[in-house]
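So the chains spell out like this:
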Amino acid sequence: MNFKVLCSDLDGTMLSTKSDVSDFTISEITRIREAVRIILVSARMPQSMTYLQERLGVSNRPIICYNGALVVDGTEELFSETIDFKAVEKIQRLSEEHGIKLGLYHNREWYVEETSERVEKEIKYTRTEPTYRPTSVTLKDWKNRNISAHKIMLMGTKNSADAIFSLLINGLSEHLNIYRSNDTLIEVAPKSVSKLSAIQLLLSSDETLADVISFGDNYNDMEMLKHSGCGVAVENAREEVKSIANHITLKNTEHGVAHFIKQHL
């Protein structure tokens, strides 16, 4: 297989643990990185991806953050799309009514009101620290600065997440991607962007999606896998993802991305 660009999701895909890539993955990326551009694609914020870039030796490449809402190359911002501020305010009001806490993300900024088991997991797995302050203070600050969220994470219980999810879908899904990460977490991002749209932004004039091989495991990877020249799902991927992939490799915990690279690239 000959491809010019390799795009990979991180959590559940390239990462063999919750927070790191394996030595095997590093060695395989090192072997091919001069011949193939390696672009990391994630729902993560920039600084929770750059340490992985450094581990893989691909810090000279752009990264796709927040599922395509932010694309950066080092300190240069190549693309940015945020959630309409009025929608952020509406999500805040609904969250307060349902006792749900918010994680608010803009570029390299991450704000939460207080620590929790979920926040501590995020710190541990992404090696990133939030700023603690009331959501109302963050929104007032953002309004003054004329900025908004690249991503919102809603953190509740299963019951509160069930209750608010349908309200979000009915009221805001026309303009927002609303994604249930698990029973207690909901992620919200701009609808006009995706991992695929960000990849297309980074292709040079002589490249098409046929030159791209991509790896993923979750719903937000499906479009990327379906339209790449070769879409590869890890064995632990959701069944819907595996059904549209060209190939299925080993689980992320078994270094599936590295195994596929070794066998085919």
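A.B. asks: I'd like a rundown of the sheet that holds strand β1 (residues 5–8), residues and numbers included.
C.D. replies: Strand pairing in a sheet relies on backbone hydrogen bonds, with the paired strands running either antiparallel or parallel. With respect to topology, 8 strands assemble into an open sheet ordered β5-β4-β3-β2-β1-β12-β13-β14, the strand pairing being mixed. Of all strands in the sheet, those bounded by a partner on one side alone are β5 (76–80) and β14 (247–249). The average undirected angle you get between the axes of adjacent strands in this sheet is 20°. Of the strand pairs in this sheet, strand β2 (residues 37–41) and strand β3 (residues 63–65) are connected by 2 bridges, and their pairing is parallel. From the neighbouring strand, Leu-40 faces β3, where its bridge partner is Ile-63.

A.B. asks: Pulling in residues and values, what's your account of the side chain of Ser-95?
C.D. replies: Here Ser-95 is to be found in helix α4 (residues 85–97). Under the relative-accessibility criterion, Ser-95 is labelled buried at 1%. If sequence neighbours within four positions are ignored, Ser-95 has contacts with Ile-100, Leu-102, Leu-154 and Ile-164.

A.B. asks: Which residues make up α4, and what values go with them?
C.D. replies: Three- or four-residue spacings in an α-helix give side chains the same orientation, since the helix completes a turn every 3.6 residues. A rise of 1.5 Å per residue sets the reference length of α4, with its 13 residues, at 18 Å; its end C-alpha atoms lie 19 Å apart and thus fit the reference within 8%. Restricting attention to buried positions, one finds in α4 the residues Phe-85, Ala-87, Val-88, Ile-91, Gln-92, Leu-94 and Ser-95. For α4, the elements touching its buried residues are β6 (101–106), α6 (135–145), β9 (151–155), α7 (158–172), β10 (176–180) and β11 (185–190). Sitting at the head of α4, Asp-84 places a side-chain oxygen 3.1 Å from the backbone nitrogen of Lys-86. Positive phi appears at Gly-99, one or two residues downstream of α4, with a value of about 65°.

A.B. asks: An account of the sheet that holds β6 is requested, with residue identities and associated values reported.
C.D. replies: Here we have 6 strands laid out as an open sheet, ordered β8-β7-β6-β9-β11-β10, and mixed in their pairing. Looking along the sheet, the strands with just one partner apiece sit at the ends: β8 (131–132) and β10. Bridge analysis of β6 against β9 gives 5 bridges, and the strand direction is antiparallel. The partner of Leu-102 across the bridge, within β9, is Leu-154.

A.B. asks: Account for the side chain of Glu-109, naming residues and giving values.
C.D. replies: With respect to the helices and strands, Glu-109 occurs in strand β7 (residues 109–112). At 2.8 Å, the side chain of Glu-109 forms a polar contact with the side chain of Tyr-111. Of the polar contacts made by the side chain of Glu-109, one reaches the side chain of Arg-145; its length is 2.7 Å.

Reading the values: rules and limits
Residues numbered from 1 in each chain as written. Predicted model: local features only at pLDDT ≥ 70, side-chain atom pairs only at ≥ 80, totals over all residues. Heavy atoms only, no water. Pairing = 2+ DSSP bridges. Helix = DSSP H or I, 4+ residues; strand = E, 2+ residues; numbered from the N terminus. Axes fitted to C-alpha atoms, helices over the stretch in contact; angles between N-to-C directions. Buried < 20%, exposed > 50% of the residue type's maximum accessible area, 1.4 Å probe, protein only. Contact = heavy atoms within 4.5 Å. Expected span 1.5 Å × (residues − 1). Polar contact = N/O pair within 3.5 Å; in protein donor to acceptor, adjacent residues only side chain to side chain.

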